[in-house]
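Each chain, written out:
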Amino acid sequence: MVASAKKTGWMFARTLPNILAVIFLSGLFIEFVSIERLANLLGGNLLTDGLLGATIGSVSIGNPLISYALGGELLDQGLSLVTVTALLVSWVTVGILQLPAEIQALGPRFALIRNGLSFLFALVIAFLTIITMQYLGVG
Amino acid sequence: MKNLPVFSTFLFLLIVACLYGVAFQLAPEKTLAALDFGLKILVKLSPVLLLVFLLMFLSTLYVKPRWIQNHLGQKSGFKGMLMAMIGGIISMGPIYVWYSMLSDFKKNGMRPALIAIFLYSRSIKLPLLPLMVFYFGTAYTVLLSFYMLIFSLLSGLFTERLAVGKRIKEEDYGNG
């Protein structure tokens, strides 16, 4: 039990600086970067909007609820569901701000490939969801 | 060289501290607000952090490497994937609080694909599904959740394939 407590304590000590770094980096991001202003860049064609939506989601941090509200607002402004879906999916699957912590814990190759694939998958899921909805005649 | 791991542990935090220093020179009020935001998040996260570290303590106490190799290792098959997926869906808090536990499991033989599946399936937030339905409708929510589940498996398999290069041999995990 003492050995387990020591091991956990050591793991905690090694992890805590990274967790603190991510938390305080998100503070800076929230204060200095306006997601709404980034979203104003949207409005081009479907693919570039999808890419930009996924990019905004990737660099964003916070409760997914914020992404739902932002996505709902963007839909009201007339943006496509593909763009909004890419944003929603990448918001919860890609973590650019957390990347240094993920690299340190799970290795650079794993972290970079996982995040890169998640970015790509956000776009694929966005198109698949909308195509399926059209095919089924729902939404 | 011996001090390098300790240094690398603090490197990210050091970079963020430097960013705060630069930001403070440019916009002191915003920087203080950012610091305040970070502190509030830290307080909010404390219970989750405690829970994760309690789980880590219990796992180091009771979950032996042999169990991880058998249930989450290379031969865990679809059952292992399902366990990782369910674990990801029910796990709470932000993604980064789980890195340490996953890193420890990886060292003890957890298959990289299952780590990626766990991380990806965290995108499905059960408590938030009703809100997603409110904003985007039931059909959209069901379809999106379905695709995210499928892609959590693909994320695991592709990440492992690309990150490891080939299927990992059992002896790489020190089995036998």
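A. Examining the overall build of chain A more closely. When helices and strands are counted, chain A shows seven helices and zero strands. Secondary structure elements in chain A, listed N-terminal to C-terminal, are α-α-α-α-α-α-α. Once the C-alpha set of chain A is aligned to its principal axes, its extents read approximately 60 × 35 × 25 Å. Each of the 139 residues in chain A was classed as buried or not, and the buried ones make up 53%. In chain A, of all internal contacts separated by at least 6 residues, the share reaching a separation of at least 24 is 71%. Split by element, the accessible area of chain A, about 6000 Å² in all, is 68% carbon and sulfur.

B. Structural detail: the interface of chain A and chain B. Residue-level contacts link 63 residues of chain A with 63 residues of chain B. Here chain A meets chain B over a buried area of about 6000 Å², counting both sides, of which 79% is carbon and sulfur. Looking only at chain A, the three residues that lose the most surface to chain B are Phe24, Tyr68 and Leu106 of chain A, adding up to 11% of its buried area. Applying the counting rule to chain A against chain B returns zero salt bridges. The interface formed by chain A and chain B contains eight residue pairs in polar contact (both at pLDDT 80 or more). Listing elements by their share of the side of chain A that touches chain B, those giving two or more residues are helix H1 (2-32), helix H4 (64-76), helix H5 (81-93), helix H6 (99-106) and helix H7 (108-136) of chain A. Broken down by element, the residue count for the side of chain A that touches chain B peaks at 24 residues, all from H1 of chain A.

C. Local environment of helix H3 (residues 65-72) of chain B. Residue and element names in this part refer to chain B. Of all the positions in H3, only Ile68, Gln69 and Leu72 are classed as buried. The arc that holds the buried residues of H3, viewed along the axis, is 110°, so those residues lie on one side. Contacts from the buried residues of H3 go to helix H4 (77-90), helix H5 (99-107) and helix H6 (112-121).

D. Spatial organisation of the environment of Thr48 of chain A. Residue placement: Thr48 of chain A occurs in helix H3 (residues 46-59). Expressed as a C-alpha distance, the spacing of Thr48 of chain A and Glu102 of chain A, which sit 54 residues apart in the sequence, is 28 Å.

E. Broad picture of the packing of aromatic side chains. Per the counting criterion, the structure on display carries 10 aromatic pairs over all chains. Judged by centre distance (5.4 Å) and plane angle (80°), the rings of Phe134 of chain B and Tyr135 of chain B are edge-to-face. On the numbers, 5.3 Å between centres and 45° between planes, the contact of Phe136 of chain B with Tyr140 of chain B is tilted. Under the relative-accessibility criterion, Phe136 of chain B is labelled buried at 12%. By the ring-pair criterion, three or more aromatic residues cluster together here, those being Tyr68 of chain A together with Phe134, Tyr135, Phe136 and Tyr140 of chain B.

Cut-offs used in this document
- Residues numbered from 1 in each chain as written.
- Chains lettered and ligands numbered in written order.
- Predicted model: local features only at pLDDT ≥ 70, side-chain atom pairs only at ≥ 80, totals over all residues.
- Heavy atoms only, no water.
- Helix = DSSP H or I, 4+ residues; strand = E, 2+ residues; numbered from the N terminus.
- Buried < 20%, exposed > 50% of the residue type's maximum accessible area, 1.4 Å probe, protein only.
- Contact = heavy atoms within 4.5 Å.
- Areas by Shrake-Rupley, 256 points an atom, 1.4 Å probe, with all protein chains shown as cover.
- Buried area = accessible area lost by both parts, 1.4 Å probe.
- Salt bridge = Lys/Arg side-chain N within 4 Å of Asp/Glu carboxyl O.
- Polar contact = N/O pair within 3.5 Å; in protein donor to acceptor, adjacent residues only side chain to side chain.
- Arc of directions from axis to C-beta.
- Phe/Tyr/Trp six-rings, centres within 6.5 Å; stacked < 30°, edge-to-face > 60°.

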